[in-house]
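# Examination of the molecular architecture
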Amino acid sequence: MHWPDQPNEFNPFENNNSNNGIPPFLDGLNEPQQQAVIQTDGPVMIIAGAGSGKTRVITYRIAYLLQKGVDAFQILALTFTNKAAKEMRNRIESVAGRQAKNLWMGTFHSIFARVLRQEAERIGYPSNFTIYDTEDSKSLLKTIIKEMNLDDKVYKTNMVLGRISMAKNNLLEAHHYLQKDDLIAQDTAASRPKFAEIFSEYTKRCFKAGAMDFDDILLNTYKLLNNHLDVCNKWQHKFKYIMVDEYQDTNHVQYMITKKLAAVNQNICVVGDDAQSIYAFRGANIQNILNFERDYPEVKIYKLEQNYRSTKNIVNAASSVIKNNKKQLEKEVWTANDEGDKIKLIHNSTEGEEARKVADYITEIKLREHFPNKAFAILYRTNSQSRAFEEALRRQGLDYKIYGGMSFYQRKEVKDLLSYLRLTVNPTDEEALKRVINYPGRGIGDTTINRLILLSSQHGVALWDIVKSARSFPELSTAIPKLENFALMMQSFMAMLESNNAFDVATHVAKQSGLLRLLYEDKSVEGVSRYENITELLNGIQQFTEDDESEKEKTLPNFLEEVALYTDEEKDKDQNRDTVSLMTIHASKGLEFPVVFIVGLEENLFPSQMALHSRAELEEERRLFYVAITRAEQKLFLNYATSRFKYGSLIPCEPSRFIEEIDSKFLDMSIVPKKPTFDEDFDGFGGGNFGGGYSGNRGGGNYGNRQGGNRGNNSGDKSNAGGYIQRNSMGNGKKPGDSDKPTKPSTLLQPKRPTSAPLPPADPNFVEGDLSELKVGDRVQHQRFGTGTVQSLEGNFQTGKAVVLFDHVGEKTLVLKFAKMRIL
DNA sequence: TACTAAGCTCTTTTT
DNA sequence: GAGCTTAGTA
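Before going into details, it helps to say that this report is about the structure given with it. (Residues numbered from 1 in each chain as written. Chains lettered and ligands numbered in written order. Predicted model: local features only at pLDDT ≥ 70, side-chain atom pairs only at ≥ 80, totals over all residues. Heavy atoms only, no water.)

### Concerning the packing of aromatic side chains
Selection rule: Paired rings are identified among Phe, Tyr and Trp, the last through its six-membered ring, by centres lying within 6.5 Å, and are further divided according to the angle between planes into stacked (under 30 degrees), edge-to-face (over 60) and tilted (the rest). Secondary structure elements follow DSSP: runs of H or I no shorter than four residues count as helices, runs of E no shorter than two count as strands, and numbering proceeds from the N terminus. For each residue, the accessible area found with a 1.4 Å probe, counting protein chains only, is set against the maximum for its type, and the residue is called buried under 20%, exposed over 50%, and partly exposed in between.
Enumeration over the complete set of coordinates arrives at 22 aromatic pairs. On the numbers, 5.6 Å between centres and 80° between planes, the contact of Tyr247 with Phe292 is edge-to-face. Note that Tyr247 is positioned in the loop between strand S6 (241-244) and helix H12 (252-262) and Phe292 in helix H13 (residues 287-295), a separation of 45 residues in sequence. By the burial criterion, Tyr247 is buried, and Phe292 matches it. Plain terms: the ring middles of Tyr361 and Phe637 are 5.1 Å apart, the flat faces sit at 45° to each other, and that makes the pair tilted. You can see Tyr361 sitting in helix H15 (residues 351-369) and its partner Phe637 sitting in strand S16 (residues 632-641), a full 276 residues away along the chain. The two residues Tyr361 and Phe637 agree in class, both being buried.

Right, dumping it as structure tokens:
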């Protein structure tokens, strides 16, 4: 048990005497690790099993290079996530000290965005180019699809963006795509013949807006290196040593970029594990790791197979799952650690019970073993699963922290201010302009905006160019003075950029745009929190401005770049809190916890329903599961609920096939399934006739669709308005082990989506009462939900909320101002 | 043009 | 549940 003590890092500079080629500071490493560290020249591939000290090896390798006298700024270390980059930087700093600051270390996106800023002009971009996040990209696509008069049911933004992304990750640009008859034919066959045109228009619009999306950062880097020999040469010589972490997760562009950069010095070291490749959905190509040998015939390969992290039981159980995958590199992960406890398998009836059970175990283990909260992690497949656990932890008084999910920078109000700032830095940024031009309201409505967009495409200039010379376009009529005012304001912001730091500009913009005042005046609960978020953003900018550590200039453009690419960067003011960690399995990569709960192990949820279509996708899910299992240092709990409540309907689930794939000798089945209890968890409202439903669906909608089956018509289906639930037999009776082929989700059996609305019908004769005197404990009647008791109140009638426990419908939070209720 | 309520759709994972 | 659209009203 290693908690909370941390392994001591050795200082390589304390003792430089080496014996038999291995410097003493590497004494703490095992032999393959040492070999991998000192083999600094030429191509190297390190196959590192889960928990085999991979980060340690990279850290020491870089420290070793520095010790040998290589300049920090000649070393390029690429990671996949910001979390990994940050972790590595910290560890290298603790070994190598201040020099580490000069390393080129970060995610592919952040490093190459930095390169592109320097070289932007070469590819026709301004150096202050904007980085579009997914939301911006989708919004732009939506606009384009609308403009082209295409059916947005056929051309779904998600699908289109996904395909564009896939194309770009494979170096297929829009103009190539337009010329590929076979691809167009394919699209036509799939009844989306206009895809290539959308792609092309999207590319043009981004370029015109001086904007790159995430994929463009990589694509443009590749184009830059490929088309400009001198530039390529410069960077090739600059980076004498290149290291790529999580190589199995690189996609084709990333592969091509690293190959290009390493072409001169050939000092490239990639570290990865095919068994942990979990990003295929975004184009990761496991072939990259499998092909490394072919690309570099003289490659030296080191295998790290000893797991230091987990117990024998955990390592072996994980291997028993992953061995079901067909495609893998030969490798035997083993550990010298103790046998350890068996993996506890816990069956629950419902989501709520599952969450409570986890919270109970945490409390119990804390008491027994004196673990802090931060020894525990709860891992799930999708972010939306966190809710039940939050609630259960809160009830037990366990402090927790959710990683991922909606980031601070994606919140509406934060994005609003950021959009002003983006527009200030890059006025051609179309998405930013559309977002802020009428917020706060300036009387520039949809009609005007549509005219602006039309004009901008007619004249082939940016939206902003039309706005700033609104006067020359009489068709803008009454909007002209409003547009001029807006343009003037923006120009005054732009004028500040030259001589002011990020914080000063941002504060000025927040005030002068009227954004701050608008939020300040909104005294509702949400309004206050929005105001606080803006203040917090400004604080963040101030911190950035005052941060002496970073070498970067404290300008607004630099701040915006950080925000665009470091979205998961924690706002670390409460870093020292002792919290239970909640996160997706993807986010947990590279972390370890003494006690891990893997929850929601239900068929169609994990493995995800969407992963069941092909063998490859199922294999990826299996790798994900493998990653999750080996996350645990000592204890592991697998949790599943076989039915979930969503919107009043009971969704029967089956335990995940992965549970079946674990060799049962590693499992502790002693925690017997409890009898189902359906009464306590119900927090939705009824409205469905649950008996009917569609059989064969097997809970196809774990994500909580309103699949209450054939619900009653809207005019008062009183018989089951309370939503009392009977177990029904929606399942198809198939057991996970029944077939060795992926069970296809039974889409064929699925009737068309019910088009029903979820709300129980409102009583047309209902008369609203005065709620100004509402107190906790009052009995109330609601026009939809029937009678209930007030559990808690916050705020006043204008701004407040009430939590009411309805007799038949369960607990609901209601905004008082809009609550159609009367006190009984 | 602005605002609200009701209705409908979507929901894997990340940069 | 959230986000978005639509319809209706001010």
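Moving on from the coordinates now.
### Let's talk about the sheet that holds strand S1 (residues 44-48)
Convention followed: Strands pair, by our definition, only if DSSP identifies at least two bridges between them. Between N-to-C directions, angles span 0 to 180 degrees; the directions come from axes that are lines fitted to C-alpha atoms, helices contributing only their stretch in contact. Note on contacts: a residue pair qualifies if any of its non-hydrogen atoms lie within 4.5 Å across the two residues.
Taken in spatial order, the 6 strands of this open sheet run S3-S2-S6-S7-S1-S8, and their pairing is parallel. Only two strands of the sheet have a single partner each, and these edge strands are strand S3 (104-107) and strand S8 (300-304). Averaged over all pairs of adjacent strands, the angle between their axes in this sheet comes to 15°, without regard to strand direction. Relative to S6, strand S2 (residues 75-79) runs parallel, the two sharing 4 bridges. When the sheet's bridge partners are listed, Ala77 is paired in S6 with Met243. Contacts between helix H3 (residues 82-96) and the sheet are confined to S2 and S3, with S3 contributing the most and set at about 150° to the helix. Helix-sheet contacts for H13 involve S1, strand S7 (268-272) and S8, and the interaxial angle to S1 is about 145°.

### Focus on the sheet that holds strand S14 (residues 580-584)
Across a sheet, strands are paired by hydrogen bonds formed along the backbone, either parallel or antiparallel in direction. One open sheet holds the 7 strands; their spatial order is S13-S14-S12-S15-S16-S11-S19, and the pairing between them is parallel. Looking at which strands have only one partner, the edges of the open sheet turn out to be strand S13 (400-402) and strand S19 (667-668). Sheet contacts for H15: strand S11 (343-348), strand S12 (376-380), S14, strand S15 (593-598) and S16; angle to S16, the most-contacted strand, approximately 155°.

### Some remarks on the environment of Gly69
Residue position: Gly69 is located in the loop between helix H2 (54-67) and S2. Separated by 457 residues in sequence, Gly69 and Glu526 have C-alpha atoms that sit 55 Å apart.

### Structural notes on the packing of helix H1 (residues 31-38) against H2
Keep this limit in mind: In these notes the angle categories are as follows: under 35 degrees is roughly parallel, over 145 is roughly antiparallel, 65 to 115 is roughly perpendicular, and the rest is oblique. Whether a crossing is left-handed or right-handed is set by the direction in which the near helix is turned from the far one by less than a right angle, anticlockwise for left-handed and clockwise for right-handed.
One can describe the packing of H1 onto H2 by two numbers: an axis separation of 8 Å at closest approach and a directional angle of 40°. Considered as vectors, H1 and H2 are oriented oblique to each other. The two elements H1 and H2 cross, and the hand of that crossing is right-handed. Listed contacts from H2 to Gln33, Ala36, Val37 and Ile38 of H1 are Val57, Tyr60, Arg61 and Tyr64.

### Quick word on helix H24 (residues 525-546)
Which entries qualify depends on this criterion: Expected helix span is given by 1.5 Å per residue-to-residue step, counting one fewer step than there are residues. As used here, the arc belongs to the directions running from the helix axis to the C-beta atoms.
Here H24 contains 22 residues, and its C-alpha end-to-end distance of 31 Å stays within 8% of the 32 Å for a straight helix at 1.5 Å per residue. For H24, the full list of buried residues reads Gly527, Asn533, Ile534, Leu537, Leu538, Ile541, Phe544 and Thr545. Burial along H24 is one-sided: seen end-on, the buried residues are contained in an arc of 135°. Looking at H24, the residues exposed on the side facing more than 90 degrees away from the buried face are Gln543 and Glu546. Here the buried face of H24 lies against helix H17 (412-425), helix H22 (502-512), helix H23 (515-521) and helix H25 (556-565).

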